[in-house]
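# Tertiary structure, described
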Amino acid sequence: MTEDAKADWDERIALRSDEERGFSFPDLDPPKEVTAVGGVGQVTIDWSPVEGAVGYLILRSTGDHGPLEPVDHHSGDILSVPGPPYVDTTCTPGTPYHYAVASVPEVTVAGRPSHSVGAVPLVADDTVPRVDVTVDTVAEGTELHRPWVPMIGSERLSQLLCTDTTGGHEIGIELEDALRRMHDELGVQTVRAHAIFHDDTHVIDGSSYDFSVVDTIYDKLLTIGLRPVVELGFMPRELASDPSKTVFEYGAIISPPESYERWHDLVRALVEHLVDRYGLSEVLAWDFEVWNEANLEVFWSGTKAEWLHLYDVTAAAVKAVDERLAVGGPSSAAAGWVDDLLAHARANGTPVDLVSTHTYGSPPLDVRASLERHGYGDARILWTEWGVTPRHFNPINDSVFAGVFLLRGMRSAAGRVDALAYWVASDHFEELGRPPRFLHGGFGLQTVGGVRKPRYHALSLLSQLGPVELPVTVSGDGGGSLIEAWASRDRDRIAVLLWNLTLDQTKADGAPELTRTVHVELPGVDPSWQVTATTLGIGAGDLAAATAELGITEWPTEGELAQLTERSRMISTPLELTGTAVEVTLPMPYAVLLELTPNRSDL
């Protein structure tokens, strides 16, 4: 893809569809108890949560009387965050600032700003600031939620049948291998992908339906051990009111149907076929999602009213097969149209079993507030696309920063969403064309050739947390905002995952002033226990660095792939307890998993 074409796509992908509404949002109070504390290279803003808010917008002014403007952490998507605290590293050390926080009932709406508070980010000196972490290792603990396990994103699943090659690697075989690895190594359960009704699945054959290609796709997926999230779209050519309206290099049709009755019949026929082929008990465990990001002009050429009608018709078709089958949406970009769908469904008695939406560059918002506002508090929340950036071919996708970002987002989502699906499993992904070279800023967690990127390593670190979450307290310069911790226990193992990250993508390559010494206290642990530290940082688990070291700019040979796999592994080293404490240095971006186990000689 040329730079001009990429720029055109980036501009068009930001164009939202109709935002007019027939309802109003609540006038939320601004947060109270807002504080801003300056530290070395950063300011941490904290506040008290507000009932009914799905998120918060951080505002900043320079000096005492400057205008308040949103703090831009350069994510390329919405800037609202789900809750406190927030660490601002876009500030200039030594400069006085004022901060305020506004409650957000919906991503396109922000309430009144809170009172403003002042803070000055400190200039770094020769002393590395310290953060203290204390883990209650003897607490009963609670279940550790794993929002990464339920779902992963993928290129359209018809590519499982593709025998073409990219970089010398057969697409279908490698995509299947990548999905199998997600299941076998990380425990992922379902896959969400586009275009089950694309031309290449040939679901309409004259006056009848032919689901044989869909069968082959889903048979492969189920053999791996994964279930599909059935995204019902795009529009089959035979049903489209305007087949010339398309998206992506593969020409997915984004037009409304010429006949909603025929669309209803197609959806019902597919669902009936799936139940007949795989059994009702199996398909009851699947989710059906209506369309993809209709709130963006590039994905839906109709109006919002037409999409809401499409939702009604689709939900009715699914439920006509069995009322217990799960259907939902709006499958929207940037957390949009959630309230629109729920208000419409409430007024019309349309079922919504799950609410799905997407965001990039920030942890997912807390849309439970929207569900409860409209009387759908029992619906499940599925973030069916999420990642570090919405931009294709962005180098940040291949970076360590993106891996540590994944940790922050998953920790934020744990316990408040039912699934957070990273978009996507493999660089065999061709929305805007097939990969032009090995490291090209692709969305995949794994490369063409199957090498694991830092984001995959991050999921691997998360998968090593135990089933019981332990209480953690964090304090110090950036503690709880820049430095976070997630601790767990198995029967005979304590695992503590620590990371250092800002959402500020201008610092993706590192920022020395944000380095912190982290002192971890583990009261209750036997001082004789062994400690192993597994690290993900620049130069450790860092595929981009390994690729640069080998001088690879296009496609690696098989021998070079083997070298890249070895050179981009995370690093594990033994540490020693000092009493019941251990100390580590965390640059930014950086993560370390501390695993504590009894000394074998003591067993």
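Figured I'd write up the structure that's included with this text. (Residues numbered from 1 in each chain as written. Predicted model: local features only at pLDDT ≥ 70, side-chain atom pairs only at ≥ 80, totals over all residues. Heavy atoms only, no water.)

### Details of the overall build of the protein
Note the following rule: For helices the rule is a DSSP run of H or I covering at least 4 residues; for strands it is a run of E covering at least 2, with both sets numbered from the N terminus onward. Here the globule rule is a power law, 2.2 Å times the number of residues to the power 0.38, and the radius of gyration is based on C-alpha atoms. Residue burial is assigned from relative accessible area. The probe radius is 1.4 Å, only protein chains are included, and a residue is buried under 20% of its type maximum, exposed over 50%, and partly exposed in between. Only the protein chains shown count as cover for residues, with accessible areas throughout obtained via the Shrake-Rupley method and a probe of 1.4 Å.
Summing up its helical and strand segments, the protein has 12 helices and 32 strands in all. Expected size for 603 residues packed as a compact globule is a radius of gyration near 25 Å; at 24 Å, the protein falls within 12% of this value. The buried share of the protein, reckoned over its 603 residues, is 59%. Total accessible area computed for the protein in this model is approximately 22,300 Å², and 47% of it derives from carbon and sulfur atoms.

### Let's talk about the packing of aromatic side chains
Short version of the rule: Only rings of Phe, Tyr and Trp enter the pairing, Trp through its six-membered ring, and a pair is recorded when the two centres are within 6.5 Å. The plane angle decides the type: under 30 degrees is stacked, over 60 is edge-to-face, the rest tilted.
All chains considered together, the criterion is met by 22 aromatic pairs. Note on Trp-307 and Tyr-311: the rings are 5.8 Å apart at their centroids and 40 degrees apart in plane angle, and the pair reads as tilted. Of this pair, Trp-307 and Tyr-311 both sit in helix H6 (residues 304-321), four residues apart, roughly one helical turn. For Trp-307, a relative accessible area of 0% corresponds to the buried category. Residue classification places Tyr-311 among the buried residues on the basis of a relative accessible area of 0%. Ring centres 5.5 Å apart and planes at 80 degrees place the aromatic pair Trp-386 and Tyr-422 in the edge-to-face group.

### Overview of the pattern of salt bridges
This is how it is decided: Within this document, salt bridges are pairs made up of a side-chain nitrogen of Lys or Arg and a carboxyl oxygen of Asp or Glu, the two lying within 4 Å of each other.
Inspection of every chain in the model, using the stated rule, returns 36 salt bridges. Across the salt bridge formed by Asp-88 and Arg-60, the nearest N and O atoms sit 2.8 Å from each other. Separated by 28 residues along the polypeptide, Asp-88 in strand E5 (residues 86-88) and Arg-60 in strand E3 (residues 55-62) bring together distant segments of the chain. Close ionic contact of Asp-340 with Lys-304 constitutes a salt bridge, the shortest N to O distance being 2.6 Å. Of this pair, Asp-340 sits in helix H7 (residues 338-348) while Lys-304 sits in helix H6, placing them 36 residues apart in sequence. Taken as a pair, Asp-340 and Lys-304 share a single burial class, namely buried. Through salt bridges with shared partners, one network takes in Glu-155, Arg-156, Asp-164, Asp-200, Glu-430 and Arg-434.

### Focus: helix H4 (residues 260-278)
Because each turn of an α-helix spans 3.6 residues, side chains separated by three or four positions in sequence point in the same direction. Basically, it comes down to this: Helix span, expected: 1.5 Å multiplied by one less than the number of residues in the helix. Each polar contact in these results corresponds to two N or O atoms within 3.5 Å; when the atoms are within protein, one needs to be able to donate a hydrogen and the other to accept it, and residues that are neighboring in sequence are counted only if both atoms are side-chain atoms.
In a regular helix each residue adds 1.5 Å, so 19 residues correspond to 27 Å; H4 covers 27 Å between its end C-alpha atoms and thus fits that length. Within the span of H4, buried status applies to Tyr-260, Trp-263, Leu-266, Val-267, Ala-269, Leu-270, Val-271, Leu-274, Val-275 and Tyr-278. Where H4 begins, the capping side chain belongs to Ser-259, and its oxygen is found 3.3 Å from the backbone nitrogen of Glu-261. Gly-279 sits one or two residues past H4 and shows a positive phi near 95 degrees.

### What about unusual backbone geometry?
With an omega of -5 degrees, the peptide bond running from Pro-84 to Pro-85 counts as cis. Checked against the element boundaries, Pro-85 lands in the loop between strand E4 (69-70) and E5. Along the chain, Gly-329 connects to Pro-330 via a cis peptide bond; the corresponding omega equals 5 degrees. Along the polypeptide, Pro-330 turns up in strand E20 (residues 326-332). Phi at His-74 takes a positive value of approximately 60 degrees, unusual for a residue other than glycine. One can find His-74 in the loop between E4 and E5. Among the residues examined, His-74 registers a relative accessible area of 40% and is labelled partly exposed. The backbone of Phe-248 shows a phi angle near 70 degrees, a positive value even though the residue is not glycine. Inspection of the secondary structure assignment puts Phe-248 in the loop between strand E17 (246-247) and strand E18 (252-253). You can call Phe-248 buried: its relative accessible area is 10%.

### What about the packing of helix H3 (residues 212-224) against H4?
Filter applied, for reference: Here an angle of 0 to 180 degrees is reported between the N-to-C directions of two axes, which are lines fitted to C-alpha atoms, with helices fitted over the stretch in contact. Angles below 35 degrees are treated as roughly parallel, those above 145 as roughly antiparallel, those between 65 and 115 as roughly perpendicular, and all remaining angles as oblique. Two helices crossing with the near one rotated counterclockwise from the far one by less than a right angle form a left-handed crossing, whereas a clockwise rotation gives a right-handed crossing. Contacts: residue pairs with any heavy atoms within 4.5 Å of one another. Three residue categories are used. Nonpolar comprises Ala, Val, Leu, Ile, Met, Phe, Trp, Tyr, Cys and Pro, charged comprises Asp, Glu, Lys and Arg, and polar comprises the others, including Gly.
The geometry of H3 relative to H4 is characterised by a closest axis approach of 12 Å and an angle of 50 degrees between their N-to-C directions. On the basis of their axis angle, the class for H3 and H4 is oblique. Relative to H4, H3 is oriented so that their crossing is right-handed. Listed contacts from H4 to Val-214, Asp-215, Tyr-218, Asp-219 and Leu-222 of H3 are Leu-270, His-273, Leu-274, Arg-277 and Tyr-278. Residues of the contact of H3 with H4, tallied by class, amount to six nonpolar, one polar and three charged.

### Some thoughts on the packing of helix H2 (residues 171-186) against helix H10 (residues 454-463)
H10 packs onto H2 with a crossing angle of 25 degrees between their chain directions and a minimal axis gap of 10 Å. Judged by the angle between their axes, H2 and H10 are roughly parallel. Only Tyr-456, Leu-459, Ser-460 and Ser-463 of H10 make contact with H2, whose side of the interface consists of Arg-181, Met-182, Glu-185 and Leu-186. For the contact of H2 with H10, the per-class residue count stands at four nonpolar, two polar and two charged.

### Observations regarding H10
A large share of H10 lies buried, amounting to nine of its 10 residues. When we look at burial in H10, the residues that qualify are Pro-454, Arg-455, Tyr-456, His-457, Ala-458, Leu-459, Ser-460, Leu-461 and Leu-462.

### Digging into the sheet that holds strand E8 (residues 130-135)
Stated precisely, the cut-off is as follows: DSSP-based pairing: two strands are paired if at least 2 bridges between them are found.
With mixed pairing, the four strands of this open sheet are ordered in space as E25-E8-E28-E31. Two strands in the sheet have a free side with no partner beyond their single neighbour: strand E25 (472-476) and strand E31 (581-586). Ignoring strand direction, the axes of neighbouring strands in this sheet form an average angle of 20 degrees. Bridge count between E8 and E25: five bridges; the pairing is antiparallel. The residue bridging Thr-134 from the neighbouring strand is Thr-473, located in E25.

### Let's talk about the sheet that holds strand E9 (residues 142-143)
The strand order across the open sheet built from seven strands is E9-E24-E26-E27-E32-E29-E30, with neighbouring strands paired in antiparallel fashion. Strands with a single pairing partner mark the edges of an open sheet, and in this sheet they are E9 and strand E30 (571-575). Inspection of the sheet shows strand E29 (residues 530-537) paired to E30 by five bridges, in the antiparallel sense. Across the sheet, the residue bridging to Thr-535 is Ile-571, located in E30.

### Side note on the pairing of strand E21 (residues 354-360)
Rules: Orienting the strands away from the viewer, one traces the path from the first strand over the helix to the second; a clockwise path indicates a right-handed crossover.
Along E21, seven of the seven residues are buried, which leaves the element largely enclosed by surrounding structure. Burial along E21 is two-sided: the face carrying Leu-354, Ser-356, His-358 and Tyr-360 and the face carrying Val-355, Thr-357 and Thr-359 are both buried. Two elements, E20 and E21, share four bridges in a ladder whose sense is parallel. Bridge pairing links Gly-329 to Val-355 in E21. Between the parallel elements E20 and E21, the chain passes through H7 in a crossover that is right-handed. Pairing analysis gives seven bridges linking E21 to strand E22 (residues 380-387), with the strands arranged parallel. The residue of E22 that forms the bridge with Ser-356 is Leu-382. Of the crossover connections in this fold, the one passing from E21 over helix H8 (residues 368-373) to the parallel E22 is right-handed.

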